[in-house]
Amino acid sequence: MTFSLSKNRLSGKRGTVQSIWFALFRGAAAINVLALFAVILFMVIQGASAINWAFLTEMPKNSMTEGGILPCIIGTICLALGALAFAFPVGVATAIYLNEYATQGKRVAMIRFAITNLAGVPSVVFGLFGLAFFCTVLKLGVSLLSGALTLGIMSLPVIIGASEEALKTVPNTYREASLGLGASKWQTIFRVVVPSALPGILTGSILALGRAAGETAPIMFTGAVFFTPDLPTSVFDEVMALPYHIYVLATAGTHIGETRPLQYGTALVLIALVLGMNLCAIIVRSRLRNRNRI
Amino acid sequence: MTNEIETIIHTQDLSLFYGDFQALHDISLPFAQRQVTALIGPSGCGKSSFLRSLNRMNDLTSGTRSEGAVIFEGTNILEKKIDVVSLRRRIGMVFQKPNPFPKSIYDNVAYGLVVNGIKNRSIVAARVEKSLKQAALWEEVKDRLHKPALGLSGGQQQRLCIARALAVEPEILLMDEPASALDPIATQKIEELILELKERYTIIIVTHNMQQAARVSNTTAFFYMGRLVEVGSTNALFTKPVKKETEDYITGRFG
């Protein structure tokens, strides 16, 4: 006699109910993959014809109806890196303060309230704020710096959130062991806690960077311009950027119809850039994780 | 033994509160130098809290407050002005679950030295080797010092944690159920190690395992409901307990 449990199937009504619900959940999960796949496929089909070496390495020509998008690629990379240069240290420092040594109380509650609400501010409001504060009050003008700072502030909540999550996963026993050996709190944070949390912190930050690179509203008043004949040479220069370029070509240009392939081509480049960053995040995370594991 | 055994650290009417809850009630207990003292008692009796008072580990738990005194070298170490960082270097701790850092074996043992400002590489290397030998781990890891510590077995990890604690040359070693997460063979190794270490260190060990207390300790203190019920030489306490609670506990009637 064989009595097999290997199929692990539930029989009867309970089994049917279970399979229906599980199928629904599986379907829900599949929608994510399909959505990403559809977006990429659509962009590739529409935009692949526009992509060639000249498109990636040349300046726009003829009122942007021909030529390449090099200044937009460079502008977007500079804006994203600039945003990260500001938001990464500030965000990680905030997360360390909140998670490692702040006395939980009114002050911390207020800071958390501020961060939560910062995350909820619409991106176009960040754009207007950046215009009013960085460009006008701080007299930075419409520049790479203003755009990067605006994007940076917008990315702060994401970086803080990711960093705090990563710090929370560091077991308390590490902290106790370190303090028990006569390490100071700072040494414990710097030598044990942060290195353990680093994969999570870096992953979260690179994802935030990708998000920031694709934003249009925060940079359209603060850093990005319709067209500039020069590549940026200083942080006070105005730049072109991929997302704003798409917006311009698709809605504000004079030859909207004719530049369709350019629009999709630009979008494809932007998506490739963002996905590339996310891929970096995944690689960084697995590298760092494996370094000190078995 | 002919000469008088010296007390290295003692508590005076030590009470500990977690918020409104009083976890320890007026505990006065001396600890003899280069001896093993076992703290036994049922779960929640306060023995771990007591142990953690001795190097101010309870400071890390918010809402704790102590009264009374813990006297180490004539100073009450519960006072605010005490430098807990250097106190904890001198009173080391081994925890219940092995907790090596996600670093190499070498870096784990060297950690305490580095954070205490010892930078000379040859001194660090010598101290790492000596500590691993003291923890009876050297032979097993000498060819893989720069491999991740998390690749070791549970018992090896715990001996690594002991080596790590020994590297900073503490005077007192606090052990909070150091073998409770280990299998019998690894446990035996830890016990043998404790017996060797007491030649040089004062060891205070919390244990759930009464046979273990009987095997490794010179003195045993029985805690119950946050109070010190009885303390005496291990031999006497296990054979002729004075208090009824002690007898009930060691004969297995509760706990």
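Reading guide: rules and limits
- Residues numbered from 1 in each chain as written.
- Chains lettered and ligands numbered in written order.
- Predicted model: local features only at pLDDT ≥ 70, side-chain atom pairs only at ≥ 80, totals over all residues.
- Heavy atoms only, no water.
- Helix = DSSP H or I, 4+ residues; strand = E, 2+ residues; numbered from the N terminus.
- Rg over C-alpha atoms; globule rule 2.2 N^0.38 Å.
- Contact = heavy atoms within 4.5 Å.
- Areas by Shrake-Rupley, 256 points an atom, 1.4 Å probe, with all protein chains shown as cover.
- Lys, Arg positive; Asp, Glu negative; His and termini not counted.
- Charge placed at Lys NZ, Arg CZ, Asp CG, Glu CD.
- Domains from an automatic or database assignment.
- Salt bridge = Lys/Arg side-chain N within 4 Å of Asp/Glu carboxyl O.
- 1 Å grid on protein atoms, 1.4 Å probe; cavity = no way out; pocket = protein on both sides within 12 Å on 5 of 7 lines; lining within 4 Å.
- Points joined across faces, edges and corners; volume = space filled by probe spheres on them.
- Nonpolar A, V, L, I, M, F, W, Y, C, P; charged D, E, K, R; others polar.
- Phe/Tyr/Trp six-rings, centres within 6.5 Å; stacked < 30°, edge-to-face > 60°.
- Lys NZ or Arg CZ within 6 Å of the ring centre and 35° of its normal.

**Student:** It is not clear to me how the overall build of chain B should be interpreted in this structure. Could you clarify?
**Tutor:** Across its full length, chain B holds ten helices and ten strands. In summary, chain B has a C-alpha radius of gyration of 18 Å against a globular reference of 18 Å for 255 residues, a match within 12%. Counting contacts in chain B only where the partners sit at least 6 residues apart, residues at least 24 apart contribute 67% of the total. Accessible surface, chain B: about 11,500 Å² in total, of which carbon and sulfur atoms supply 49%. Across chain B, the mean location of the 31 positive side-chain charges is 5 Å away from that of the 28 negative side-chain charges.

**Student:** Explain the domain arrangement of chain A here, please?
**Tutor:** Accessible area lost upon the coming together of the parts serves often as the stated size of an interface. Residues and elements named next belong to chain A. Under the domain assignment, chain A is made up of domain 1 (2-49) and domain 2 (53-293). Placing a centre on the C-alpha atoms of domain 1 and another on those of domain 2 gives a separation of 33 Å. Contact residues are listed per partner, giving nine residues for domain 1 and six residues for domain 2. At the boundary of domain 1 with domain 2, the tally comes to zero salt bridges.

**Student:** So what exactly am I meant to see when it comes to the side chain of Ser178 of chain A here?
**Tutor:** Examined against the element boundaries, Ser178 of chain A turns out to sit in helix H7 (residues 172-180). Setting aside residues up to four positions removed in sequence, Ser178 of chain A forms contacts with Ala183, Thr188 and Val192 of chain A together with Phe101 and Tyr111 of chain B.

**Student:** Sorry if this is basic, but what is going on with the layout of surface pockets here?
**Tutor:** Rolled over the atoms, a probe as big as a water molecule pinpoints where empty space is left. If you add up the space inside the largest pocket, you get close to 830 Å³. Glu100, Tyr101 and Lys185 of chain A together with Asp59 and Leu60 of chain B are the residues nearest the centre of the largest pocket, which is lined by 24 residues in total. Counting only elements with at least two residues in the lining of the largest pocket, the list comes to helix H3 (70-101), H7 and helix H8 (185-213) of chain A together with helix H2 (84-90) of chain B. When the residues that make up the lining of the largest pocket are grouped by side-chain class, the tally is nine nonpolar, eight polar and seven charged.

**Student:** What should I look at first to understand the packing of aromatic side chains in this one?
**Tutor:** Two aromatic rings are characterised by how far apart their centres lie and by the angle between their planes. On inspection of all chains with the given rule, the structure shows 14 aromatic pairs over all chains. Each residue in the set Phe129, Phe133 and Phe134 of chain A is aromatic and connected to the rest through ring pairs, giving one cluster. Positioned over the ring face of Phe17 of chain B is Arg65 of chain B, at 4.2 Å from the centre of the ring. Sitting above the plane of the Phe101 of chain B ring, Arg164 of chain B keeps its charged end 4.5 Å from the centroid.

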